Amino acid sequence: MQTHHTDPISRGRTPARQTTVRSTYRLQLRPDALTFIDARAIAEYLQQLGISHLYLSPILTATIGSTHGYDVTDPTTVSAALGGPAGLKALADEVRSRGMGLIVDLVPNHVGVADPRQNPWWWDVLRNGRESQFAHFFDIDWSAGNGAGGRLALPVLQSENDPAALTVDRSGSEPMLALHDLRFPIAAGTDGDNALRIHDKQHYRLVSWKAGLCTYRRFFAVGSLAAVRQEDPEVFEITHRELAAWCEHDLIDGVRVDHPDGLSYPTAYLTKLRRLIGPHRLLLVEKILANREPLDATLPVDGTTGYDALSDYGGVLIDPDGEQALTELSRKLAGHGSDRAWVGETEHRIKRAVAENILAPEIRRLVAAIKRDAHAESFDTMALTNATIEVLAFMPVYRVDYAPLAGMTGAVVAEVEKRNSELTVPLSVLVAALASDGEAAVRFSQVCGAITAKAVEDTMFYQAARLVSLQEVGGNPARFGHSLNEFHLSNSERAQRWPATMTTLSTHDTKRGEDVRARIGVLSQAAETWARAVESWQEITPGPDGATTLFLLQNMFGVWPADGRPASSVAGLRERLHLFAEKAIREAGVHTSWEEPDVEFEKKVHGWLDAVIDGPVGSEIGDLVHELAPHAWSDSLSQKLLQLCGPGIPDIYQGCELWEDTLVDPDNRRPVDFAARAGLLQSLTGTPALDTTGAAKMWIVAYALWLRRERPDCFVGGTYLPLFATGEQESRLVAYARGRAGETPEVIVAATRHSLGLAETGWADTTLELPQGNWTDRLTGHTFQGRARLEKLFARLPVALLVR
């Protein structure tokens, strides 16, 4: 790839040891597609792209065949399936030799127990019960009143007839209870001839997953992930032994902590973790901040994994003029406008339902702890449960025990009491328990996060249908876009308070990839056109129901081919859309669900999908996608450049240096063709056209990353200065300057927003006053000074990267 400037790290030369993290590239490692050896093979390409650090998904031993690694079964060993300790060391040496480094993803909150044989600690607990040397590693309720007669309840039975399927497997070195593919240990002295009688003598009890019974803390409501007690020094030591070794041998430069909100004492845990990794390694937390919730500045971390930034970069490109038409369309089809009032009511209703159903075991255990801590063992359980659920359902954050949120629980309790004075007495029991700062307070915070995750991201975000690009992790569908002023203040605060936080546009957990979201976001600029189209499509090929139809049509619009090909001719797309639709309608839980699938409704949805793909509606979607594609690409490039040069450390999710069309997992974890990307990077010789190849995206990614490499001090820790255009179309520019602390700006980022209206008017007389000096656009080679006319600045691309 020829460049308009000297590329600072020439290929082949080994630069000095470097730990400063300038940019990260997320790799979803998996035994079948991307191991340590494969990661080594693409290190050269990532170096040429300008990446400073590979950011690895979890690398400890996980469930056999795991494609994500979050179901760790042995936290004391590096995954042999990925290449083991030697493979990790070789990868670290490879990236070090290129002046790059590694960030690792750590999973402290839970371990995988889907197949008990694969987890030695869990197997031992099942065999020996509370006498197991590992019993205290897990958060298990062994009390006589736990609903399972003091035994460990495992929610694995699929049906009432399952116990009859229990047999004894005597084929191995020890007899085991067998249920279909699963195996369970038999305690010493309890073997016999009858499987059911043997089962009755064990320390565990197999129960139906529908029974609402689970006596160990889980990850949210996932029975196959058992929580571990990091507050126990022995557990912390043994689960962090590998990490300590990586730090000691200087293999890694930073850590990303998965779901710290699930821990008993996240602040204490992070303090301990910071001591272990040292003061200079990057420490990031997967913290989902609620609308306008600040990150706790007392935490010893460098920032979050970037959902808060994602919301800003996408939000500033949403056109507020489209709100009314899209709200009316949603009201007409879905029966609600997905607006603030609906979101508030729906969130409360779903949170209550989640607490009363899938998280009922956690609520039961919490209420028991409240009674103990408040010394109110004889208090009415039902009244106390109702009051506790009501407070949790109104809690606007994941977890309330962080420093900046002091006073929030009191405010929520006061609100609940005002709405329902009958709850005053049970609320006083809850308050007494929380004030004692014991077990109940800890469980309250843990359950709060689980309820929020299951109710909001996993349910409500599949029910809201006004503009689905707003329904993203850490997002707020009721907030229709961000103003320029909001955007700049948010970025400015990030630059000052969290200069080394991560920023992202796509992750392994996002509901849609960045370019899919950008394209759907363009509907805010074409709201009336979209509304007319959807109403006409409903007449041509009526959907299963209004809300499902509106939700799925937007997602189909987001991934439909932009090159005029019918969707039916794109390999795998039909199957991917069917899988996404099934997940979406089950998560929404309105007509069907994972627990109780409605076969008839699902059949209707699949039939309608095929009718859309193969019929006139599909070809009309294709026409609209083709017509709006230039504006979708414009928004994609704008949000990408704004992210890459903005405050914080930008992460690129694997493959997203080209256009991507991913939907929610597992779709966004498909293997990536790195050879094609490396080939394209080498072949680019001049500013590419904005077209379906995505070459323009790779061009701006590479130039932005090279600039970060060339002038690192302008970015992490650098200044941030908002810039504003003047003229008829001034609101369609988002621009800022970056520079070294205390010095004049050296870099200006300019991006187009709301481009659809420009198609008719052009930029007219709109200009941007540049600070003194000659400014060269690294993306085109054009030079500007003084008052730059935006029609000239954006003659080739909808974005500009100016360097003094």
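The shown structure was predicted, so the numbers you read here are calculated from the model rather than taken from an experiment. (Residues numbered from 1 in each chain as written. Predicted model: local features only at pLDDT ≥ 70, side-chain atom pairs only at ≥ 80, totals over all residues. Heavy atoms only, no water.)

This brings us to the overall build of the protein. In terms of helices and strands, the protein carries 26 helices and 26 strands. In terms of overall dimensions, the protein is globule-like: its C-alpha atoms have a radius of gyration of 27 Å, near the 28 Å expected for 804 residues. Along the first, second and third principal axes, the C-alpha atoms of the protein reach 85 × 65 × 55 Å. In the protein, which comprises 804 residues, the share counted as buried stands at 62%. In the protein, once contacts between residues fewer than 6 apart in sequence are set aside, the share between residues at least 24 apart is 74%. (Helix = DSSP H or I, 4+ residues; strand = E, 2+ residues; numbered from the N terminus. Rg over C-alpha atoms; globule rule 2.2 N^0.38 Å. Buried < 20%, exposed > 50% of the residue type's maximum accessible area, 1.4 Å probe, protein only. Contact = heavy atoms within 4.5 Å.)

Residue placement: Arg275 occurs in helix α7 (residues 266–277). Sequence separation between Arg275 and Pro300 is 25 residues, and the spatial gap between their C-alpha atoms is 9.4 Å.

The next subject is the sheet that holds strand β13 (residues 222–227). The strands that make up a sheet are held in pairs by hydrogen bonds between backbone atoms, and each pair lies either parallel or antiparallel. On the basis of which strands lie adjacent, the open sheet formed by 3 strands has the order β6-β13-β12 and antiparallel pairing. The strands lining the two open edges of the sheet, one partner per strand, are β6 (110–112) and β12 (218–219). With 2 bridges connecting them, β12 and β13 associate as antiparallel partners. Looking at the pairing, Phe219 lines up with Val222 of β13. (Pairing = 2+ DSSP bridges.)

With that settled, consider the side chain of Glu390. Within the secondary structure, Glu390 sits in helix α12 (residues 381–394). Classification of Glu390 as buried rests on a relative accessible area of 14%. Every residue in contact with Glu390, bar those within four places of it in the chain, is listed here: His348, Arg352, Val416 and Leu423.

This part is about empty space enclosed by the protein. Picture a little ball the size of a water molecule; that probe, rolled over the atoms, points out where space is still empty. Under the defined criterion, the tally for this structure stands at 5 cavities of 30 Å³ or more. Of the volumes computed, that of the largest cavity is approximately 200 Å³. Taken together, 17 residues line the largest cavity, and the ones lying closest to its centre are Arg217, Arg218, Glu362, Gln446 and Val447. Elements with a minimum of two residues in the lining of the largest cavity: β12, α11 (360–373) and α15 (439–457). Looking at the lining of the largest cavity residue by residue, the class counts come to 8 nonpolar, 4 polar and 5 charged. Estimates place the volume of the second largest cavity at around 90 Å³. Lining the second largest cavity, in full, are Leu60, Val72, Pro75, Leu106, Val107, Pro108, His110, Val111, Val228, Gln230, Thr239 and His240. Contributions of two or more residues to the lining of the second largest cavity are made by β4 (72–78) and β6. Grouping the constituent residues of the lining of the second largest cavity by class yields 8 nonpolar, 4 polar and no charged. (1 Å grid on protein atoms, 1.4 Å probe; cavity = no way out; pocket = protein on both sides within 12 Å on 5 of 7 lines; lining within 4 Å. Points joined across faces, edges and corners; volume = space filled by probe spheres on them. Nonpolar A, V, L, I, M, F, W, Y, C, P; charged D, E, K, R; others polar.)

What follows concerns the environment of Arg218. The residue Arg218 is located in strand β12 in this model. For Arg218 and Arg170, which are 48 residues apart along the polypeptide, the C-alpha to C-alpha distance reads 31 Å. Setting aside residues up to four positions removed in sequence, Arg218 forms contacts with Gly223, Leu225, Ala227, Ile358, Leu359, Pro361 and Glu362.

Helix packing geometry: the angle between the two helix axes and the distance between the axes. Put simply, helix α18 (residues 527–540) and helix α22 (residues 616–645) touch, their axes get as near as 10 Å, and they point 165° apart. Judged by the inter-axis angle, α18 sits roughly antiparallel to α22. The hand of the α18/α22 crossing is right-handed. Together, Thr529, Trp530, Ser536, Trp537 and Ile540 of α18 and Pro616, Val617, Glu620, Ile621 and Leu624 of α22 make up the contact between the two elements. Class assignment for the residues of the contact of α18 with α22 results in 7 nonpolar, 2 polar and 1 charged. (Axes fitted to C-alpha atoms, helices over the stretch in contact; angles between N-to-C directions. Parallel < 35°, antiparallel > 145°, perpendicular 65-115°, else oblique. Left-handed = near helix turned anticlockwise from the far one by under 90°.)

It is worth spelling out the state of the cysteines at this point. Where two cysteines share a covalent bond between their sulfur atoms, that bond is called a disulfide. Taken as a whole and judged by the stated rule, the model has 0 disulfides. With no disulfide of its own, Cys214 has Cys448 as its nearest cysteine by sulfur position, at a separation of 20 Å. (Disulfide = S-S within 2.5 Å.)

As a further point, take the sheet that holds strand β9 (residues 176–179). With antiparallel pairing, the 3 strands of this open sheet are ordered in space as β8-β9-β10. Each edge of the open sheet carries a strand with a single partner, namely β8 (167–169) and β10 (182–185). Direction aside, the axes of adjacent strands within the sheet are offset by 40° on average. Sheet topology places β9 next to β10; 4 bridges connect them, and they run antiparallel. Of the residues in β10, the one forming a bridge with Met176 is Pro185.

Before going further, it helps to examine the pairing of strand β21 (residues 747–752). Burial analysis of β21 places 6 of its 6 residues in the buried class, which makes it a mostly covered element. Every second residue of β21 is oriented toward a common face, with Val747, Val749 and Ala751 on one face and Ile748, Ala750 and Thr752 on the other, all of them buried. Sheet topology places strand β20 (residues 733–739) next to β21; 6 bridges connect them, and they run antiparallel. Across the sheet, residue Arg738 finds its bridge partner in β21, namely Val747.

With that settled, the discussion passes to unusual backbone geometry. Asp665 connects to Pro666 through a cis peptide bond whose omega is 5°. Inspection of the secondary structure puts Pro666 in the loop between β18 (649–653) and α23 (674–683). Of note in this structure, Asp250 is not a glycine but carries a positive phi near 55°. Relative to the elements of secondary structure, Asp250 occurs in the loop between α6 (241–248) and β14 (254–257). Since its relative accessible area comes to 31%, Asp250 is described here as partly exposed. Positive phi values are uncommon outside glycine, yet Arg292 reaches one of about 65°. Its location among the elements puts Arg292 in the loop between β15 (282–285) and β16 (303–304).

All right, on to the pairing of β20 then. Counting buried residues in β20 gives 7 out of 7 residues, a clear majority hidden from the surface. Both faces of β20 are covered, namely the face carrying Leu733, Ala735, Ala737 and Gly739 and the face carrying Val734, Tyr736 and Arg738.

On to the pattern of salt bridges, then. Where charged atoms from two side chains of opposite charge approach closely, those side chains can pair. Taken as a whole and judged by the stated rule, the model has 60 salt bridges. Salt-bridge contacts for Glu237 lead to Arg241; the nearest nitrogen and oxygen are separated by 2.8 Å. Across the pair Glu602 and Arg586 runs a salt bridge whose closest N-O atoms are separated by 2.8 Å. Of this pair, Glu602 sits in helix α21 (residues 599–614) while Arg586 is found in helix α20 (residues 573–588), placing the two residues 16 residues apart along the sequence. Accessibility expressed as a relative area gives 7% for Glu602, which makes it buried. Judged by relative accessible area, which is 16%, Arg586 ranks as buried. Ionic contacts of the salt-bridge type, sharing partners, join the residues Asp139, Arg217, Arg365, Arg372, Glu439 and Arg443 into one network. (Salt bridge = Lys/Arg side-chain N within 4 Å of Asp/Glu carboxyl O.)

Taking 1.5 Å per residue as the helical rise, α11 with its 14 residues ought to reach 20 Å, and the 20 Å between its terminal C-alpha atoms agrees with that figure. Burial analysis of α11 places 11 of its 14 residues in the buried class, which makes it a mostly covered element. Those residues of α11 that sit buried are Ala360, Pro361, Glu362, Ile363, Arg365, Leu366, Val367, Ala369, Ile370, Lys371 and Asp373. In this structure, the buried side of α11 is in contact with β12, α10 (340–356), α12, α14 (424–435) and α15. One or two positions beyond α11, positive phi appears at His375, with a value near 55°. (Expected span 1.5 Å × (residues − 1).)

Taking 1.5 Å per residue, 12 residues should reach 16 Å; helix α9 (residues 323–334) reaches 15 Å between its end C-alpha atoms and fits that length. Along α9, the residues classified as buried are Ala325, Leu326, Thr327, Leu329, Ser330, Leu333 and Ala334. Among the residues trailing α9, Gly335 stands out with phi positive, at a value near 85°.

Remember that the coordinates give geometry; whether it matters functionally is a separate question.
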